[in-house]
Structures are given as structure tokens and as C-alpha cells.
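# Report on the structure
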Amino acid sequence: MMLFRKFRVLILMVFLVACTMHIMIDLLPKLEKRAAGADMEDGGCQCAHHMAQESQGWGKQQQRARTAAEPGWPDKHTLRILQDFSNEPSSNLTSHSLEKTITAAGDRAESSRRMRESAGKAEGHKALIGEASGGRTVSSRGVSRLSLLFEQPLYKVDLPPLTDDDTLFNVNSDIRFYPKSAGNQGWHNEDGNEDEDEFPPTAETAESYPNWLRFHIGINRYELYSRHSPVMDALLKDLATQRITNVAMKSGGTQLKLIMTFQNYGQALFKPMKQTREQETPPDFFYFSDFERHNAEIAAFHLDRILDFRRVPPVAGRLVNMTREIRDVTRDKKLWRTFFISPANNVCFYGECSYYCSTEHALCGKPDQIEGSLAAFLPDLNLAKRKTWRNPWRRSYHKRKKAEWEVDPDYCDEVKQTPPYDRGTRLLDVMDMTIFDFLMGNMDRHHYETFEKFGNETFIIHLDNGRGFGKHSHDELSILVPLSQCCRVRKSTYLRLQLLAKEEFKLSSLMEESLLHDRLSPVLIQPHLQAMDRRLRLVLQVLAGCIEKEGYLNVVEEDLAGDTATHRVLGHR
């Protein structure tokens, strides 16, 4: 009996000691966080100054703080150092952003400069898209080739007068924009005020709107943004510098993408770096299992602008601090659980997705800095619905099967008899998209979207371009099949392609100059730039063959003569 009582007392003492330790562990991270709060406010990103110390102590201190701070988060064993980590092919340990020809000292200086930029300590060191550029990409007279290009008559064609039916949002309407409700991301004002802001779209207050909202209001039937819109420069700067307040994984898709929310309530889609600039798509990869490249998204925006399509939402490169700007601000527990420290003491994560979301394909910083592209969100679907269309020349997405267009040379004749390709400009829009994809080498165009408000008389939005610029040594001629089968092209597109084939306005030189304005420059290596010149010549050869076979008037659709309202009524012969 006495022995039984002693045993009960012993059990009680063990229980009390365990409770005491649990309370101490629970309180310790809160005290650490409170003590570190003042340092974070005054000192900005501590990673930029004490990167090595943070990487080494992250597993011991930050993991424990997260574990105890919130019930339901993973314990310390979940984020243990994983021994099966592999840095190929997705590690950032060898980024092309630090040129091979630069010395080791130069590499360290460049890396430090980028870290300071990402922490908000250096602003305006790199010009954005509207500023002039120097160096190799300017003409012999010292004038920007890009500026000269935009002075050409082809780049000054006016749009028809816009009516209320031609604008996505009408000024002085009853619509109110509630930015904090756009993404269900748990918005928080910096001053703690939880009252929801509203933005009435009136002309008098438009200048005070955040740049992302001004971009949304400027969308019309013919373009996502105007040629010389000052909002673009400001929005690109916001994408590269605005403070990130929340991060969540994007649902759907085959590869990891993050939704980032900014201090001004804007949102952007973040695609992290998975390959270095020099790496090409492995020859044994199918097009549907290729990596989505962040630099391809950036380059696609600049190419789309040079072609004067203006159908790609603004995209900017950014060097992101994975610790401070992703892990510490995310409320997505599934994302947070995938962070770990690699054997090289780099911060890594892999998220959840269909392909390449595992420790073997983890995204690793250097030690916690990672490159990525940020694409501005289009208006919320509740405010501006979009319609998704199946691309008539969609690939089979199968290892063995071929699509109908690959085996039927007269396939386009069927397409031209099917709405919406039997009238209007939709078929010509698909031809523009075909040329755009071929110049990039993008085989992954299974669907496209349009704004529902404008019906069938509007442009195609060029979304999701991450699988472009994968192989500079190979030209995938099957991408051009829609053009060779249909033999149709806008006159404005045809003349711009001829202009960009001239030495004075060489496409590769214009792209190089335009991409210099991005903070991750160089975005493309020279072989990719040279491949665009080669592919442009191939496009012109295909069109020359069509003209020889069917005649100029039957191939080149007039869209420049008289009123540009002819965009709405052009038919197909």
C-alpha cells in the first residue's frame, strides 16, 4: 500500500514538472519575439546584415519559436535538417545573375547590393522600363533604340474613341473596390485599423489610387495598358519594392506558385527561380513537364511590349528574402511546414504541387535570398469575369498521342468555320499569340482567356509564359503550325515583324535594352537573344511562303487603313 502511494506521488511530481516545462517553453518564444521586435522595426532585414548567423541559428531558435507560438504548427522534429536534400536542378547555389566573368570580390559586392535592394535600403539604383538605357544596346548616335522604335508610326496608331462599353470599369459608376476582400488573405492595416477601405472609381480621385488599381481601371477592349502609360513604370517599381505582408500557395497548377500580398493591398503571382540562366530544358523532358522559369515570365512581358501587343500583365523580377518575406509572413501552414535548412546551411522550402515539390527539388536560397518573377494580378473575378477558351491548336499533353491539328493539314479550314473564329479578329489574335510563343519557344499554350464583358470582340490575354525560353539551341517549328495552316496575319503585326528584322531595330538588341531595366538583369543570356532573331526570320519565311501561295491580299489582313474601329468588323476570306 505504501509503495502504491509513493508511486502515485512520483507520477504527480512528473506531471507537475512536465506542465512547468511546457509553460516555460510556451512563454520563451513570446519574450524573444518581443525583444526582437524593436530591432526589426529599426534595423530592417536582419538577414542582410547577419545572414550567416541567422542561417546557423534558425533551426535552433526560430523553429522553436514558431512551434510554441501557435497551436497546430509542426513541432521541431518536422523541420529537422533533411539528409536526402539535393540541390539539382532547382538550387540557387549558382545563379547566373552573378556573371562568371566577374571576380570573386565583385560577386560578393553584387550580392550585397541586391540584398540591400531587397531590404528596401537602396532605391532607384536600377532604372525601370520607361528610362533610357546605355551601353551596347544604344545606336551609334547614342540614342536609345527602344525610344526610336516607339517613335515609329507603327507604334503611334491611335485607338478608336472609347465608350463605356469599351472600358472594363467605368468612372463615376456605383462600383466600389474593396481591396482587402479580394483574396481572403487576412488583411491587416499597418496602423491596426481594420476598417475596410473602399475606392470609388471617379476621375477626380484616380490619381490617388494605388498603382495596381490604376492599372485595372485602364484596361479596355483593345489593350491591357496604353503604350506610354506612366502607371506601368510605377507598378513595376511597386512589384520590385513594395513590402510583402502575406504569402500563400496558389491552388491548382502543376508547379509551385505563391500569391504575394503587398502593403498597398496589391497582389502578384510569384514564380521562384528553378534553373540558372545557362541551363536548357533537358532533351528528354516533355513540354508538359518542363520547368516554369521566372526569367521567361519577365522576358515575355518585355517581348509582348516590343511587339506592341500589350496583352501580358506587368511582370518584374525581385530578389526575395525567403525568411523575412515568405516564411515569417505566411499564414499558410502547409507552406510553412516545408521550410528546412539544407546541409549547406541554406534556407529551403518546396511547398505542395503536382511536379517538383519535394526535398529533392527544393527551392534554396543563398543563404535565404531567392530570385523570382512577380506578375501583377488582373482584376478580381467578382468585378471583371474572364472566359477561358480551349486553344484550337492545343497539344495532346500525352506521351504518345498526337492532336488532330498535327495530322490534318487542312485543320484550319475547320477552325475558320467554328465560332468565334468565323468572324471578327479572334483568329488573327491566335496568329499573334502563335508568333509570340514561337519567338519564345513556348509549347505550353493549352487555353487562353478574354474579358467576358467585351464578348468576342477583344484581345487574348497572354498569361502563363513560364515555359518559354527553355531551349535556345532548338527552334520548335510545330509552334508555327497555326500560322502555316491558316496563312493569316494582321498587317500591323506583319509590318512590325519586318521592322524588327532590320539591323537598326534588331529584336535581340531591343530586348537586351529593355531587360536591362529589370532588377534581375541580365534576364536572358545572349544565345536566347540571338535565337529570337533567328526565329523572327523563320516567321517571315513562313509568311513569305503563304503570300507566294495565296497572294498578299489573302494573307495580310488590313487593320491600319482608316478608322481603327475596323478591328471590330474584320472577317476572314
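Residues numbered from 1 in each chain as written. Predicted model: local features only at pLDDT ≥ 70, side-chain atom pairs only at ≥ 80, totals over all residues. Heavy atoms only, no water.

## Focus: the nonpolar core
Nonpolar side chains tend to gather and get buried jointly when the protein is soluble and globular. Core analysis: the largest hydrophobic core is formed by 112 residues, its most contacted members being L258, I326, W393, F451 and M511. For this core, the element with the most residues is helix α12 (residues 426–440), which contributes nine residues. In this structure, L258 is in contact with V247, A248, M249, K250, A268, L269, F270, I326, L335 and F349, ignoring residues within four places of it in sequence. (Core = buried A, V, L, I, M, F, W, Y, C linked by side-chain atoms within 4.5 Å. Buried < 20%, exposed > 50% of the residue type's maximum accessible area, 1.4 Å probe, protein only. Helix = DSSP H or I, 4+ residues; strand = E, 2+ residues; numbered from the N terminus. Contact = heavy atoms within 4.5 Å.)

## Overview of the state of the cysteines
According to the stated counting rule, one finds four disulfides in the structure shown. The disulfide that involves C348 links it to C364, with 2.1 Å between the sulfurs. Disulfide C348-C364: torsion about the S-S bond near 110 degrees, hence right-handed. Of the two residues, C348 is situated in strand β6 (residues 347–349) and C364 in strand β7 (residues 363–364); the sequence distance between them amounts to 16 residues. In terms of burial, C348 and C364 fall into one category: buried. Here C412 is linked by a disulfide to C486, with a sulfur-sulfur distance of 1.9 Å. The sign of the 115 degrees torsion about the S-S bond sets the C412-C486 disulfide as right-handed. Residue C412 is found in helix α11 (residues 411–415), and its partner C486 is found in helix α13 (residues 481–486); the two are separated by 74 residues along the sequence. Judged by its relative accessible area of 1%, C486 is buried. (Disulfide = S-S within 2.5 Å.)

## Observations regarding a negative patch on the surface
On the surface, E404, D410, D413 and E414 cluster together to form a negatively charged patch. By the element assignment, D410 lies in the loop between α10 (404–407) and α11. Of the residues examined, D410 reaches a relative accessible area of 48% and is grouped as partly exposed. (Patch = residues over 30% accessible without salt bridge, like charges linked within 9 Å, V, L, I, M, F, W, Y side chains within 5 Å. Areas by Shrake-Rupley, 256 points an atom, 1.4 Å probe, with all protein chains shown as cover. Salt bridge = Lys/Arg side-chain N within 4 Å of Asp/Glu carboxyl O. Lys, Arg positive; Asp, Glu negative; His and termini not counted. Charge placed at Lys NZ, Arg CZ, Asp CG, Glu CD.)

## As for the packing of aromatic side chains
Considering all chains together, one arrives at 10 aromatic pairs under this definition. Relative to Y411, the ring of W393 lies with its centre 5.7 Å away and its plane at 80 degrees, an arrangement referred to as edge-to-face. Highlighted residues: W393 in the loop between β9 (386–390) and α10 and Y411 in helix α11, separated in sequence by 18 residues. For W393, a relative accessible area of 5% gives the class buried. According to the relative accessible area criterion, Y411 is buried, its value standing at 11%. Ring geometry for F451 and F454: centres 6.3 Å apart, planes at 80 degrees, overall edge-to-face. (Phe/Tyr/Trp six-rings, centres within 6.5 Å; stacked < 30°, edge-to-face > 60°.)

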